[in-house]
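For reference, the chains in residue letters:
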Amino acid sequence: MKTKEENSNAELVSRPLAIVFADIVGYSTLLATHGDLVAAETLREFRSDVERLATAYRGRCIKWIGDIFLAVFEDVSNVIPFAAALTRSRSQQTAPANWRLRFSLHLATVFIDQTSYGEEILGVGVNIAARLTSSAEADQIVVSRAARLALPAEQVALLGPMERVHLKGMAEEMEFSRVDLAKV
Amino acid sequence: MDIGECASASEVVTEAIVVIDLVDSARTSNLFGWHAVGRGLLRDLRTLIAQIGQPHGLRCMKSTGDGYLLTFHDSQSAELAAINAVDTVFELMNHIRVRNREVPEERALNLRSAIHFGEVDVVSSDREGPHISYTFRLEAISRASLPEALNPIPPEESPLENYVLCSEETAEILERRAKKWKTVSIGLLKLKGFAGWREVFRILPE
């Protein structure tokens, strides 16, 4: 059976990319409390904030899935500062936009495809990063072992101890560390 | 057990769950009339499902308005019910392909279907529980869902009708027990009301 990458016209990126996922903690509760219209308006402002900060830290947003976004960064060392800046930006907002975020970071070689709906990122690393997000608490970023190995020393010092999690679809447990973004 | 005759309200069983939807049924009924065309399509579909499904362990068949909720049971092996469900859906599509060549275009049957496997509550002529809801979520996935998936297939590779999607659970069973079917991931998706990312597969003949 051909892989999706073989089936598509995907172009292999020659170096790994930092893959970042983030979501809003308790988004369903926010929707229930404030209603669809308020949530949609504040989410629109949030998206604009994410795009601005991602660009400032030389990353780019690939897609939004409700309250979740997928972004990639050429330089993995820009991700923790980006996540910390976005977390600070949210904490300075008034309710309901002062929602708390959680992030995941993984480093992997991915395929970049230009699709009918825009740029798409393909590869197992995307699934790993997505599923790793649920290990993060609010205001945290969880960093995979692969990403940790590529971080500069001053950022490695921010990481907590290595933990393990079994991710669905993965044969082996994944190792990751946490960063408390409020302390960055 | 006859179709539609289900056991007591407290019964919990592991079954293969199938949701079959008639593509464009509302449009067809609006354009050509419910009594003239729409009703006949649903009745034809129901007849075909009953004929083909009964020898494969079809245990419950419930109308959903523009399609049917089906469950399959196998008393010897719960997992075999999933294979029987897949066999039924593909046999149904083969019958429909022949039928569609012989009828006017507006009377053609075109289907979307999804198959899942799990524990369900048996209620009178119906089934309840999160696995039922999950199967309806699967069935609602279409080409338009793919931009919101992770590792999606290109949308243009996803057919608009006459395809069969399945859950990870079903794909695992087919992988282990039914070599005549192959499953191809169409991507990881968020399904409303269900936590986490769920990989969704398309079933194809090997």
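Structure's up top.
Heads up: these notes are all about the structure in this document.

Parameters and conventions
- Residues numbered from 1 in each chain as written.
- Chains lettered and ligands numbered in written order.
- Predicted model: local features only at pLDDT ≥ 70, side-chain atom pairs only at ≥ 80, totals over all residues.
- Heavy atoms only, no water.
- Helix = DSSP H or I, 4+ residues; strand = E, 2+ residues; numbered from the N terminus.
- Rg over C-alpha atoms; globule rule 2.2 N^0.38 Å.
- Areas by Shrake-Rupley, 256 points an atom, 1.4 Å probe, with all protein chains shown as cover.
- Lys, Arg positive; Asp, Glu negative; His and termini not counted.
- Charge placed at Lys NZ, Arg CZ, Asp CG, Glu CD.
- Phe/Tyr/Trp six-rings, centres within 6.5 Å; stacked < 30°, edge-to-face > 60°.
- Buried < 20%, exposed > 50% of the residue type's maximum accessible area, 1.4 Å probe, protein only.
- Core = buried A, V, L, I, M, F, W, Y, C linked by side-chain atoms within 4.5 Å.
- Contact = heavy atoms within 4.5 Å.
- Buried area = accessible area lost by both parts, 1.4 Å probe.
- Polar contact = N/O pair within 3.5 Å; in protein donor to acceptor, adjacent residues only side chain to side chain.

**Considerations on the overall build of chain B**
Alright, step 1. Summing up its helical and strand segments, chain B has 5 helices and 8 strands in all.
Alright, step 2. Walking chain B from its N terminus toward its C terminus, one meets helices and strands in the order β-α-α-β-β-α-β-β-α-β-α-β-β.
Alright, step 3. Since a compact globule built from 206 residues should have a radius of gyration of about 17 Å, the 17 Å found for chain B is in line with a globular shape.
Alright, step 4. Expressed along its principal axes, the backbone C-alpha trace of chain B runs to roughly 45 × 40 × 35 Å.
Alright, step 5. With the model as given, the accessible surface of chain B reaches about 9,300 Å², and the carbon-plus-sulfur share is 48%.
Alright, step 6. Computing the positive centroid from 23 side-chain charges and the negative centroid from 30, chain B places the two 3 Å apart.

**A closer look at the packing of aromatic side chains**
All names here are of chain A.
Alright, step 1. In total, this model carries 11 aromatic pairs over all chains according to the counting rule given.
Alright, step 2. Here the aromatic rings of Y27 and W99 are separated by 6.3 Å at their centres, their planes lie at 70°, and the arrangement is edge-to-face. Here the residue Y27 occupies a position in helix α2 (residues 27-34), and W99 occupies one in the loop between α4 (79-91) and β5 (101-108), the gap between them amounting to 72 residues.
Alright, step 3. Classification of Y27 as buried rests on a relative accessible area of 15%.
Alright, step 4. With a relative accessible area of 5%, W99 lands in the buried category.
Alright, step 5. Judged by centre distance (6.3 Å) and plane angle (75°), the ring pair of F69 and F82 falls under edge-to-face. Remark: F82 occurs in helix α4 and F69 occurs in strand β4 (residues 68-73); sequence separation between them is 13 residues. When sorted by exposure, F69 lands in the same class as F82, which is buried.
Alright, step 6. Of the aromatic side chains, those joined through ring pairs into one cluster are Y27, F46, Y57, W64, F69, F73, F82 and W99.

**Examining the nonpolar core**
Alright, step 1. Judged by nonpolar contacts, the single largest core of 39 residues is most densely connected at B:I20, B:L45, B:I49, B:L70, B:L92, B:I115 and B:I203.
Alright, step 2. The greatest single-element share of this core, amounting to 10 residues, is contributed by helix α3 (residues 78-102) of chain B.
Alright, step 3. Excluding anything up to four places from it in sequence, B:I20 contacts B:L45, B:I49, B:T64, B:D66, B:G67, B:Y68, B:L70, B:V89, B:L92, B:L111, B:R112 and B:S113.
Alright, step 4. Counting 37 residues, the second-largest nonpolar core is a separate cluster that includes A:V20, A:L53, A:F69 and A:I80.

**Thoughts on the interface of chain B and chain A**
Interface size is often expressed as the accessible area that is lost when the parts come together.
Alright, step 1. Contacts between chain B and chain A engage 22 residues on the former and 22 residues on the latter.
Alright, step 2. Counting the surface chain B buries against chain A, the share from its top three residues, B:L150, B:N151 and B:W197, is 35%.
Alright, step 3. If you look at where chain B meets chain A, you find 7 residue pairs in polar contact (both at pLDDT 80 or more).
Alright, step 4. Mapped onto the side of chain B that touches chain A, the elements with two or more residues apiece are β7 (181-190) and β8 (197-205) of chain B.
Alright, step 5. No other element matches the 7 residues that β7(B) contributes to the side of chain B that touches chain A.

Purely spatial values, then, with no claim about function.
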